[in-house]
Amino acid sequence: MLKLRNALQHRLLEARARALPLPDAVDFPLAPATKPEFGDFQANGAMGLAKVLGRPPRQIAQAVVDHLHVDDICHPPQVAGPGFINFTIRPEVLAAEVQERLDQPRLGVPMAQPRQRVVVDFSSPNIAKEMHVGHLRSTIIGDCIARLLSFRGHRVLRLNHLGDWGTQFGMLIAHLKHVAPRSLSGEEHVDLGDLVAFYRQAKGRFDEDEDFQERSRREVVKLQAGEPESLRAWGLLCRQSRQAFQTIYDRLDVQLVERGESFYNQALPGVVEDLEQARLLVVDDGARCVFLEGMRGKDGQPLPLIVQKRDGGYNYATTDLAAIRQRLASPEAGGEGADRVVYVTDAGQFSHFAAVFQVAQRAGWVPTGCRLQHVPFGLVQGADGKKLKTRSGATVRLRDLLDEAVERARRDLVERMAQEQRQAEEDFIGQVAETVGIAAVKYADLSQNRTTNYQFSFDRMLSLQGNTAPYLLYAYVRIQGIARQGGSLGAEEKPVALCLQAPQELSLARQLLNFDEVILEVEQDLLPNRLCAYLFGLSQTFNRFYDQLPVLKAPDQSRATRLALCRLSAQTIGLGLALLGIRTLDRM
Ligand code: ARG
């Protein structure tokens, strides 16, 4: 209801100006009503002005109301309680809004002004290491944020800051030379299969065999020096991991541009130089670092951010500094020209980002108006409240986790079909199970406030009851079913003036019209769970409406109005789910 709210707000300010002798800058804000019985909107400004004006707030509210002209939008505004002004939109205005929004692809959501260039840094697993549930969370939340920001009209660059550089490669290459030497020369194509197992073997040897340790160190040096043979081996390892990650991304329908840590290698010495120039660098115990302002360790001493180790090597923080510098630099200077950079990682990296953001700021790399933002999330826990593990205690592989979700979705579906005595082709079952299984995993994650830990439960996420993907998908399917039973939901139904009368129609219309406000809120605080809560509430309201009122058998005008509400409900749920990265189904 952005449009109506803006119109009302405007008139309210005009009335305030006429009614009260105050400077123009004094606000008189309008907010959504806190309870449905108060109407649609509420203005609480009178209370705050009582002291300034030395008049009772109810009197102030009444004076504003006396100067207010809003008859074309709402019923006469009511002064209530200590001095609230309550506004209730007229049904015919709501109906006109519904009508206008029908079939409109943006469903009332305006394009952002100005459009920003936004980098969303998400997923970002590490080569040869396990892509774990934390990376899954980052992938799902980051993808949703990227979708939402693009939908608002921002130009979004989705970056995968892959951990593709570091000392682990020395060990991996040394091991590879031993177990598959011909692969390194390119003579032989090796499939390393499970690279994680390979990493485990290499690590095992490293911990036991001193000679191997030495060889590994030498490999790191050679790789850093850019020796062709080492680079080839490194490339092989990256390719291998990349394939495994890509399978997961395809399955999740997530697009990412790979720009791993290695991308910044050339820039690292320059970062340290820049910091030196900015007089931020201090040598502490041989390491070059920046002391952080306002961040102290347990001993009360200022914390250093190390940017170059004693042995000359760089670290995670140096790479992130190089990345910030490049992302914020103008395109002419070889940068991304980003106005905003969003990092989606677990909350455990809070201090890391606070530190690198501060150093970037002090180094002068952050142009005014640009924003660096860490978007943290909590841990994924098992039913026992501890970190999610398999029954044998191993870390859960993402592939297995998705497979299990899909397998369980399939079992539920087959069981339900047997109960309902429905027959279906294997193709249909397979497709529904895949969609529902993946949707359930994504939605379970997105529907939690990301800042808290969340308990992973297949049973809960796949349930047809409650705030789950199956519940929403089912509401959508129900509406598609109306079309199949002959209730045209398409534009071909001849346009009639909609007329909202029944309370179920009115509350559904109101909820549908709130979509635009919810999207703007989610854009503000990057909390996808708000969109989920909205879609859940909407689906519940729709279900109540549909259970309590006839649609196809309703008399003419009611029928057209109700079909229009069904159509807009499907469009809103469909678009909402698409922004969450969830596909809809026409049947399930
Ligand atoms: N690879 C890191 C990890 O697995 C995440 C990287 C996040 N992005 C960044 N620019 N630091 O924890």
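Residues numbered from 1 in each chain as written. Predicted model: local features only at pLDDT ≥ 70, side-chain atom pairs only at ≥ 80, totals over all residues. Heavy atoms only, no water.

Q: I'm lost on the overall build of the protein chain in this one. Help?
A: Counting its regular elements, the protein chain contains 21 helices and 14 strands. The proportion of buried residues among the 588 residues of the protein chain is 52%. Considering only residue pairs separated by 6 or more positions, the protein chain has 72% of its internal contacts joining residues 24 or more positions apart. As displayed, the protein chain offers around 27600 Å² of accessible surface, 50% of which is attributable to carbon and sulfur atoms. Of note, the protein chain has its 71 positive side-chain charges centred 3 Å away from the centre of its 71 negative side-chain charges. (Helix = DSSP H or I, 4+ residues; strand = E, 2+ residues; numbered from the N terminus. Buried < 20%, exposed > 50% of the residue type's maximum accessible area, 1.4 Å probe, protein only. Contact = heavy atoms within 4.5 Å. Areas by Shrake-Rupley, 256 points an atom, 1.4 Å probe, with all protein chains shown as cover. Lys, Arg positive; Asp, Glu negative; His and termini not counted. Charge placed at Lys NZ, Arg CZ, Asp CG, Glu CD.)

Q: Just checking my understanding: could you explain the sheet that holds strand β9 (residues 287-296) for this structure?
A: By definition, the strands of a sheet pair up through backbone hydrogen bonds, in either a parallel or an antiparallel sense. The three strands are arranged β8-β9-β10 in an open sheet whose pairing can be described as antiparallel. The two strands at the open ends of the sheet, each matched to only one other strand, are β8 (281-284) and β10 (302-308). Averaged over all pairs of adjacent strands, the angle between strand axes in this sheet comes to 50°, irrespective of strand direction. Taken together, the five bridges between β9 and β10 define a ladder with antiparallel strand orientation. From the neighbouring strand, Cys289 faces β10, where its bridge partner is Ile306. (Pairing = 2+ DSSP bridges. Axes fitted to C-alpha atoms, helices over the stretch in contact; angles between N-to-C directions.)

Q: For this particular structure, what's the right way to read the sheet that holds strand β5 (residues 117-121)?
A: The strand order β7-β6-β5-β11-β12 describes an open sheet built from five strands, whose pairing is parallel. Each having just a single partner strand, β7 (257-258) and β12 (371-377) make up the two edges of the open sheet. Here β5 pairs with strand β6 (residues 155-160) via five bridges, running parallel. Looking at the pairing, Val118 lines up with Val156 of β6. Of the strands in this sheet, β11 (340-346) and β12 touch helix α13 (residues 350-362), which is tilted by about 175° from β12.

Q: So what exactly am I meant to see when it comes to unusual backbone geometry here?
A: With omega at -5°, the peptide bond leading from Gln113 into Pro114 counts as cis. Looking at the secondary structure, you find Pro114 in the loop between α4 (91-101) and β5. A positive phi angle is found at Leu526, which is not glycine, with a value near 50°. If you trace the backbone, Leu526 turns up in the loop between α19 (515-525) and α20 (528-548).

Q: Looking at this model, I keep getting lost on the site of the ligand. Mind explaining?
A: Surveying the vicinity of the ligand reveals the residues Asp121, Ser124, Asn126, His135, His161, Tyr316, Asp320, Tyr343, Thr345, Gln349 and Phe353. One of the side-chain nitrogen or oxygen atoms of Asn126 is found 2.8 Å away from a nitrogen atom of the ligand. Measuring from an oxygen atom of the ligand, one finds a side-chain N or O atom of His135 at 2.8 Å. Contact with the protein chains hides 89% of the accessible area of the ligand, taken as 350 Å² for the molecule alone. If you list the elements that add at least two residues to the shell around the ligand, you get α12 (316-328) and β11. (Near = heavy atom within 4 Å. Polar contact = N/O pair within 3.5 Å; in protein donor to acceptor, adjacent residues only side chain to side chain.)

Q: Hey, could you run me through the packing of aromatic side chains in this one?
A: Any pair of aromatic rings gets described here by the distance separating the centres and the angle formed by the planes. Tallying each qualifying case throughout the model produces 11 aromatic pairs. Centroid distance Tyr343 to Phe357: 5.5 Å. Interplanar angle 45°. Geometry classified as tilted. Note that Tyr343 is positioned in strand β11 and Phe357 in helix α13, a separation of 14 residues in sequence. The class of Phe357 is buried, set by a relative accessible area of 13%. For the ring pair Phe456 and Phe458, a centre distance of 5.0 Å and an interplane angle of 90° mean the geometry is edge-to-face. (Phe/Tyr/Trp six-rings, centres within 6.5 Å; stacked < 30°, edge-to-face > 60°.)

Q: What am I meant to see in the nonpolar core here?
A: Here is a general trend for soluble globular proteins: nonpolar side chains tend to be buried in one another's company. In terms of nonpolar packing, the biggest core is built from 156 residues, with Phe87, Leu401, Leu531 and Leu580 touching the most fellow members. At 12 residues, helix α15 (residues 426-446) tops the list of elements feeding residues into this core. Excluding residues within four positions of it along the chain, Leu401 makes contact with Val133, Leu136, Leu388, Val396, Val441, Phe456 and Phe458. Ranked by size, the runner-up nonpolar core spans 35 residues in total, among them Leu268, Val290, Ala323 and Tyr343. (Core = buried A, V, L, I, M, F, W, Y, C linked by side-chain atoms within 4.5 Å.)

Q: Please explain the pattern of salt bridges as it appears in this structure.
A: When charged atoms on two side chains of opposite charge get close, those side chains can pair. Under the criterion given, the structure shown has 39 salt bridges. Arg510 serves as the salt-bridge partner of Asp40, at 2.4 Å between the closest nitrogen and oxygen. Here Asp40, found in the loop between β1 (30-32) and β2 (41-43), pairs with Arg510, found in helix α18 (residues 503-513); they are 470 residues apart in sequence, far enough to count as distant. Residue Arg510 is classed as partly exposed on the basis of its relative accessible area of 22%. (Salt bridge = Lys/Arg side-chain N within 4 Å of Asp/Glu carboxyl O.)

Q: Which parts of the structure should I look at to understand the pairing of β8?
A: On a regular strand, one side chain projects to one face of the sheet and the next to the other, so that they alternate. Pairing of β8 with β9 involves four bridges; the strand directions are antiparallel. What sits directly across from Val282, in β9, is Cys289. Between the antiparallel neighbours β8 and β9 lie two residues, among them Asp285 with a positive phi of about 55°.

Q: Help me out: how do you make sense of helix α9 (residues 210-224) in this one?
A: Note that an α-helix has 3.6 residues per turn; residues three or four places apart therefore point the same way. Between its first and last C-alpha, α9 extends 21 Å over 15 residues, near the 21 Å set by a 1.5 Å rise per residue. Here α9 has its buried residues at Phe212, Gln213, Ser216, Glu219, Val220 and Leu223. On an axial view of α9, the arc spanned by its buried residues comes to 120°, and they lie on one face. Facing away from the buried surface of α9 by more than 90 degrees, the exposed residues are Glu210 and Val221. N-cap assignment for α9: the residue whose side-chain oxygen lies 3.0 Å from the backbone N of Asp211 is Asp209. Downstream of α9 by a residue or two, Gly226 has a phi angle that is positive, lying close to 80°. (Expected span 1.5 Å × (residues − 1). Arc of directions from axis to C-beta.)

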